[in-house]
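Chain by chain, the residues run as shown.
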Amino acid sequence: MTSGLENDEEKNANKGTMWDMERKLDQPMDEEAGKLKNMYREKKFSSWLVIRLAYQSLGVVYGDLGTSPLYVFYNTFPHGVDDPEDVIGALSLIIYSLTLVPLLKYVFIVLRANDNGQGGTLALYSLLCRHANIKTIPNQHRTDEDLTTYSRTTIHERSFAAKTQRWLEGNFMKHALLILVLVGTCMVIGDGILTPAISVLSAAGGIRVNKPEIDNRVIVIIAVIILVGLFSVQHYGTDRVGWLFAPIVLVWLLLIGGIGIYNIRRFGGGVLRAFSPLYMYRYIRNGKKESWLSLGGILLSITGTEALFADLANYPVSSVQLAFTLLVFPCLLLAYSGQAAYLVNNLHHSQDVFYRSIPDKIYWPVFIIATIAAIVASQATITATFSIIKQALAHGCFPRVKVVHTSKKFLGQIYIPDINWMLMVLCIAVTAGFKNQSQIGNAYGTAVVLVMLVTTLLMILVMILVWHCHWILVIAFTGSSLLVECTYFSAVLFKVDQGGWAPLAIAGVFLVIMYVWHYGTLKRYEFELHSKVSMAWILGLGPSLGLVRVPGIGLVYTELASGVPHIFSHFITNLPAIHSVVVFVCVKYLPVYTVPEDERFLVKRIGPKNFHIFRCVARYGYKDLHKKDDSFEKKLFHNLFMFVRLESMMEDCSDSEYSICEQQNEQSINNGNTNSVRKGDLTISSVDSIVPARSPHVTFQSSSPSNEVDEYEFLTNSREAGVVHILGNTVVIASRDSRFYKKIAVDYIYAFLRKICRENSVIFNIPHESLLNVGQVFYV
């Protein structure tokens, strides 16, 4: 037995290798993250609150879908209609398209796939990233799964979901899925350009019904003026006027529903035959090319459905479902049925059927409401575009741009100046360039159907990996969705040369920008990962790191959550001094919508105490934002000082003294004294001193132990001596043997994007006099 113990001791002694020392001195932050874990509780809403939120959701969620009756029949029959039965068939297609896509697919299925209330293609992608290792930038760690917002389900190893997961985790499928998501994102951006164009132009076109002498160019000018005004007020945000959106859309829906009832009673209820799917079948089967091409116009009846999912953020699913099923859906059916009843009796009015079907007494009030409703619909789409670009930025798929909060109450309301003016220019170009609703409608339909196809493909993966649905349900959803969407897609393909090329061209430009930026970001991360320095090398330099330790704190920014970044070794190799305190700061975005403030920072010590080297990991979700009124540096030092004080206090409670400390803590708590620390809040690591960045149960005594005073005062004095932010400026250049397209992408496109995008120093609000850039060149 004795010899066995001696052998064990000898083996343990032989483990003192450099690798073992590095593993002990630079461990992951499992312990730190575990202590910050809180149980996530889903919000529950009362019935009255659900109804109130359903009303409020009208202005944000349903503005785009609700204004579709302005232009659907015009784009369905742009050259007029000869047979009344075609009107009935088209109405039948509209009825069942609204039923199958917005009602059944989105409201009752897709909305349930939200990421903690967040919707859109990137939210689905984030949800999938938590259930499979498909994120192309591998900066996640198992400690991130301890976040309260990091919800995921377990997968059985032999299940079909596990096979799908392994298939997706292949390198090719990772990038293929990313490109698919980026295509959907680019189409949503195109939607943000085309929705204001067609909505405002259609609403302004109502002037010509009562004033036919007005030239079409005047209508275009009026639409352009409205669009310029709309984009010019975006910096004020929707918080100040947002309370008007819901009543405007409510009045609009009730108006179009009431006008629909009026026209059904006036011209007869024969159009209600369209509720029979037989007429839809006859319309498609009649063999006319015009009937097939008209599907591109009928598709516009479900535009705004994707915005319904993307704008979900501020409302519970139950409220959105209630608003659609009880108000939006019935009003839309009545509006289209009323227009069809009028059109059957006035076949030559297909191009302006909406305005001609309005009773003369209320024409101008309806025209005014229609124009305002079109503006509201455009506003909702523009806001959704800002939101999805912010998500793309957090995923490393969009150049750094200025993001401004427009509301102190609602963090989701943001404004991106660069994107706003870009959207305005493109929107005006589309409006003035096409000049008519037909070509804009063709472009709009192409963007909408492609976004829907992307959502369907992502939903298939969500049903398998997240919901673990039976294969029969997956096949049923896939078959029904693709049948409808592929049918519409085949119709819009025939109209690519009639305006459908516009969203493809816009999406192509944005896709190149986003993918090239992501490629450059990925290569920079891989460079840092493969060129990082071992902790053993740092230890070999000694406490002074082989240099002069000058007073002050150096914050070294890196994308790595472990290891010593190459920028640090590059810095100390070229300069003869380093600060007395060094903090490696890693700022990373996770596939979650937000990271709670009390779980955002992880702090730990690297190496021996006299080295004064720390690591701080700041974690953000794709909805989180660095604001200028939030001092990132102040929060970082608050968490660092908290770490040092709690670490020192726990060191005073050695194992032999722990029971006494615990009794004193319990006694002080019972006496109402909170100047103590409970063991349940903290743990001690024999190698790494890791404590939570914040603990609501912890305060401190005025008489601190001597070692705590020394460490705390040393940090305080170092901070007063000066803080320097050290950022890496890695220049990515294509190698000489690279292919020509790679050289174009890296040396020209990516280099240009880096020049015009915002610097990290601006995002973190770093004073210019405290900034130090360290240049590096990396060949890919």
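Residues numbered from 1 in each chain as written. Predicted model: local features only at pLDDT ≥ 70, side-chain atom pairs only at ≥ 80, totals over all residues. Heavy atoms only, no water.

A. Structural context of the confidence of the model for the protein chain. Per-residue confidence for the protein chain gives a mean pLDDT of 81; residues scoring 70 or more make up 84%. Taken element by element, the predicted model of the protein chain shows its lowest mean pLDDT in helix 28 (residues 658–670) (41) and its highest in helix 18 (residues 317–345) (94). Taken together, the stretch residues 1–25 has pLDDT below 50 and engages in 17 contacts with residues farther than four places along the chain or on a different chain. The model gives residues 32–42 a pLDDT under 50, and that stretch makes 35 contacts with residues more than four places away or in other chains. (pLDDT = per-residue confidence, 0-100. Helix = DSSP H or I, 4+ residues; strand = E, 2+ residues; numbered from the N terminus. Contact = heavy atoms within 4.5 Å.)

B. Representation of the sheet that holds strand 3 (residues 548–558) within the structure. One open sheet accounts for 6 strands, arranged 5-6-4-3-7-8; its pairing is mixed. The two strands at the open ends of the sheet, each matched to only one other strand, are strand 5 (601–606) and strand 8 (771–779). With direction set aside, neighbouring strand axes in the sheet form an average angle of 25°. With 9 bridges connecting them, strand 7 (residues 723–733) and strand 8 associate as parallel partners. Directly across from V732, in strand 8, lies its bridge partner F778. (Pairing = 2+ DSSP bridges. Axes fitted to C-alpha atoms, helices over the stretch in contact; angles between N-to-C directions.)

C. Structural detail: the nonpolar core. Among the nonpolar cores identified, the biggest contains 162 residues, and Y62, L253, L308, F324, Y355 and F398 are the most heavily contacted of them. When residues of this core are assigned to their parent elements, the largest contribution, 19 residues, is made by helix 22 (residues 437–465). In this structure F398 touches I389, A392, L393, I419, F510, M514 and W517, once residues within four positions along its chain are discounted. Counting residues in each nonpolar core, the second largest holds 30 residues, with A123, Y593, L636 and L727 among its members. (Core = buried A, V, L, I, M, F, W, Y, C linked by side-chain atoms within 4.5 Å. Buried < 20%, exposed > 50% of the residue type's maximum accessible area, 1.4 Å probe, protein only.)

D. Looking closely at the pattern of salt bridges. Enumeration over the complete set of coordinates arrives at 13 salt bridges. With a closest N to O distance of 3.2 Å, E145 and R152 form a salt bridge. Here E145 falls in the partly exposed class, since its relative accessible area comes to 34%. Salt-bridge contacts for R605 lead to E647; the nearest nitrogen and oxygen are separated by 2.5 Å. Separated by 42 residues along the polypeptide, R605 in strand 5 and E647 in helix 27 (residues 632–652) bring together distant segments of the chain. (Salt bridge = Lys/Arg side-chain N within 4 Å of Asp/Glu carboxyl O.)

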